[in-house]
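Listed below are the residues making up each chain.
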Amino acid sequence: SLAAALHEALHVHLSRGEPREARRAANEARAVYQDLGRPGAEADVLSGIACAHFMEHRPDEAIQAASEMLAIYRRQGDRRREAELLLEIGALQLDRRMPSRAIRAAEPALSMFRGLGDDVSARKCAEVMAFAHRMRDTMKEAVSNAREAMEQYQQHGDPNGLFVAARLAYDARASFGESDDRVAARAAREAAKSGGAGGGPLEAAGPVAHQPWACDWSPGGLQPGPPMGLRRGGL
């Protein structure tokens with residue numbers, strides 16, 4: 001069919017590093033899918049449009065395409081895809097040093113993942129929010145989110161992630177004059193004993209830095225990339 005051929009052309013152009021041609025094919029395919037009443041396929045095409053915009057270093061346009069995907073998932077009642085996409089948008093906004101926008105996206109995603117019983121994804125949301133709050137200097141909220149991430153890392157036996165989250169909690173507490181964060185220090189010791197990255201005293205570790213999220217906006221449906229900076233020890 002015409003839509004399938006255009007969709008395939010989108011894949012080909014993206015694989016060749018041809019974002020302008022990819023967007024042209026995607027927009028034509030999207031129009032056909034809209035006429036056919038196939039919102040799922042339209043969302044797939046929108047992920048390709050977002051990918052093309054990223055290739056062209058146009059993050060605002062990419063996030064606009066993602067917002068249109070969100071609208072489709074909400075109309076379909078697909079809570080999981082909505083939450084995954086909100087988390088991805090939140091992490092991308094964090095990468096762009098827009099913490100308020102990051103929190104605005106990640107906070108509802110956190111609630112959705114809790115409702116879905118997805119502790120791993122909820123932890124990712126908490127990490128995004130902790131870094132965003134620290135960037136915005138709302139440190140008490142940063143501590144709260146970092147500690148939620150710490151609890152999840154402890155439950156799932158991830159010493160590397162636990163050490164990073166503990167450092168984040170410690171840094172945030174220290175920033176408002178309460179460096180004696182015994183909960184974070186104890187978690188860091190636990191992580192170090194288990195082989196967690198970094199190890200050692202928190203006060204000697206230096207501030208933990210957020211690293212960019214590795215995004216994969218591949219056509220065929222959004223495939224959220226892992227938060228490499230937030231899980232560098234354990235997206």
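Refer to the structure above for everything that follows.
By convention here, each chain's residues receive numbers from 1 onward along its written sequence. The predicted nature of this model means local features are confined to residues of pLDDT at least 70 and side-chain atom pairs, given and counted, to a pLDDT of 80 or more, with totals for whole chains, interfaces and linings taken over all residues. Think of the side-chain values as coming from all heavy atoms in the structure, minus any hydrogens and water.

Trainee: Which residues make up the environment of Pro19, and what are the values?
Mentor: As for its position among the elements, Pro19 is in helix α2 (residues 19-36). Sequence-distant contacts of Pro19, defined by excluding residues within four places in its chain, comprise Ala52, Met55 and Glu56. Secondary structure elements follow DSSP: runs of H or I no shorter than four residues count as helices, runs of E no shorter than two count as strands, and numbering proceeds from the N terminus. Throughout, a contact is declared for two residues whenever any of their heavy atoms are within 4.5 Å.

Trainee: So what's going on with the nonpolar core? Which residues, and what values?
Mentor: Buried Ala, Val, Leu, Ile, Met, Phe, Trp, Tyr and Cys residues that are joined via side-chain atoms within 4.5 Å together make up what is termed a nonpolar core. Accessible area is worked out with a 1.4 Å probe on protein chains only. A residue is then buried under 20% of its type maximum, exposed over 50%, and partly exposed in between. Counting 46 residues, the largest nonpolar core has Leu85, Ile89, Phe113 and Val128 as the members making the most contacts within it. Elements represented by at least two residues in this core include exactly α1 (2-15), α2, α3 (39-55), α4 (59-76), α5 (79-95), α6 (99-116) and α7 (119-136). Core analysis: the second largest hydrophobic core is formed by 9 residues, Ala126, Ala130, Met150 and Ala165 among them.

Trainee: Lay out α7 in plain terms, naming residues and giving numbers.
Mentor: Expected helix span is computed as 1.5 Å times (number of residues minus one). Between the first and last C-alpha of α7 there are 25 Å, a value that for 18 residues agrees with the 26 Å anticipated at 1.5 Å per step. The buried count for α7 comes to 14 of 18 residues, which makes it a mostly enclosed element. Sitting at the head of α7, Asp118 places a side-chain oxygen 3.4 Å from the backbone nitrogen of Val120. Backbone geometry just after α7 places Asp137 at a positive phi near 65 degrees. Polar contacts here mean pairs of N or O atoms no more than 3.5 Å apart (in protein, one a potential hydrogen donor and the other a potential acceptor; neighbouring residues in sequence count only if both atoms are side-chain atoms).

Trainee: Tell me about unusual backbone geometry, and name the residues and values.
Mentor: Even without being a glycine, His57 presents a positive backbone phi close to 60 degrees. Locating His57 in the fold gives a position in the loop between α3 and α4. Residue class for His57 comes out exposed when judged on its relative accessible area of 70%. Even without a glycine there, the phi angle at Asp137 is positive, about 65 degrees. By secondary structure assignment, the location of Asp137 is in the loop between α7 and α8 (139-156). A relative accessible area of 59% means that Asp137 is categorised as exposed.

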